Amino acid sequence: MKKLFTLMMLAGLGLILSAGSLLAQENCSACKDNKAPEGFTALFNGKDLNGWVGMKGGNPYKFEALSAAEKESQLAAWDKTFKEHWTVENGELVNDGQGAYATTAKKYKNFELLIDYKTVPIADSGIYLRGTPQVQIWDYTKEGGKWKLGADKGSGGLWNNKKNPKDPLVFADKPFGQWNHFRITLKGEIVNVWLNGKHIVKDTVLENYWNRDLPLIEEGPIMLQTHGGEIRWKNIFIKELEN
């Protein structure tokens, strides 16, 4: 009888430990957010806007033609609206749908980018690569009102392309309220995009939106577009690739 009681106690303890382990795993899943995987650097620290500035996504050729004083004034104006409309909440980079775009202070050439996002109905956004639009993010539903522009095909395409493919190969968006995960590579002018594990853009040229007679700009920032609806970002990691 005593032996049976002991076995029952041990079994009960095992269930408690097992439940505790599962709970710890659930709680720690959030702790892993914004921690760069091996070989990558975190662009967002989960705490503040450090490493980011505000820019509106205008023509970089025109910006570079400005005087030093004009550049300083423009950057200050952009950064003001950036700080007014971008916040950090629970380890998430949040935009209310307005203001300048969140822009990396550093410029990049060739890279692999990992990034998670979650958005809401009607919202429209995107990721600029080297300051060039864009890997598209938008409301894929009919109610969003943009099926005539290709929203029914889903997010992740190179929407501003004209000569090269612009739409994602397959639909890969998750329902609103869930996090989506991008893996994006850019080498030279060639982009590959995976959305939620699906390879939706394969070896496609990203065209120079700012001057289509020229090759893609060789170096530029990563920009997170804001366009009319809340969008949240986290787990923003980059690995620079050889030229």
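Okay, so let's go over this structure. No experiment lies behind these values; they were computed from the predicted model shown.

### Describing the nonpolar core
Piece 1. By size, the foremost hydrophobic cluster in this structure holds 43 residues, and its most contacted members are Ile127, Phe182, Leu224, Trp233 and Ile236.
Piece 2. Excluding anything up to four places from it in sequence, Leu224 contacts Trp52, Trp86, Leu93, Tyr101, Ala102, Ile115, Gly126, Ile127, Trp233 and Ile236.

### Remarks on the sheet that holds strand β7 (residues 124-129)
Piece 1. Taken in spatial order, the five strands of this open sheet run β2-β5-β12-β7-β8, and their pairing is antiparallel. Edge positions in the sheet fall to β2 (52-55) and β8 (132-138), since each has one partner strand and no second.
Piece 2. In this sheet, β8 lies alongside β7 in antiparallel orientation, the contact comprising five bridges. Note on β8: the bridge partner recorded for Gly126 is Gln136.
Piece 3. Helix α3 (residues 68-85) rests against β2 and β5 (101-104) of the sheet, and its axis sits at about 110° to β2.

### Quick look at the side chain of Asn161
Piece 1. Locating Asn161 in the fold gives a position in the loop between β8 and β9 (180-187).
Piece 2. The class for Asn161 is buried, based on a relative accessible area of 4%.
Piece 3. Contacts of Asn161, omitting those with residues within four sequence positions, involve Lys166, Thr204, Val205, Leu206, Glu207 and Arg212.

### Examining the pattern of salt bridges
Where side chains of opposite charge bring their charged atoms close, a pairing between them can arise.
Piece 1. Applying the stated criterion across every chain, the model contains 12 salt bridges.
Piece 2. For the salt bridge of Glu92 with Arg232, the shortest nitrogen-to-oxygen distance reads 2.7 Å. Note that Glu92 is positioned in strand β4 (residues 92-95) and Arg232 in strand β13 (residues 231-240), a separation of 140 residues in sequence. Like Arg232, Glu92 is buried.
Piece 3. Of the charged contacts, one joins Glu207 and Arg212 as a salt bridge, the two residues approaching to 2.8 Å between their closest N and O atoms.
Piece 4. For Glu207, a relative accessible area of 9% corresponds to the buried category.

Rules of the game
- Residues numbered from 1 in each chain as written.
- Predicted model: local features only at pLDDT ≥ 70, side-chain atom pairs only at ≥ 80, totals over all residues.
- Heavy atoms only, no water.
- Core = buried A, V, L, I, M, F, W, Y, C linked by side-chain atoms within 4.5 Å.
- Buried < 20%, exposed > 50% of the residue type's maximum accessible area, 1.4 Å probe, protein only.
- Contact = heavy atoms within 4.5 Å.
- Pairing = 2+ DSSP bridges.
- Helix = DSSP H or I, 4+ residues; strand = E, 2+ residues; numbered from the N terminus.
- Axes fitted to C-alpha atoms, helices over the stretch in contact; angles between N-to-C directions.
- Salt bridge = Lys/Arg side-chain N within 4 Å of Asp/Glu carboxyl O.

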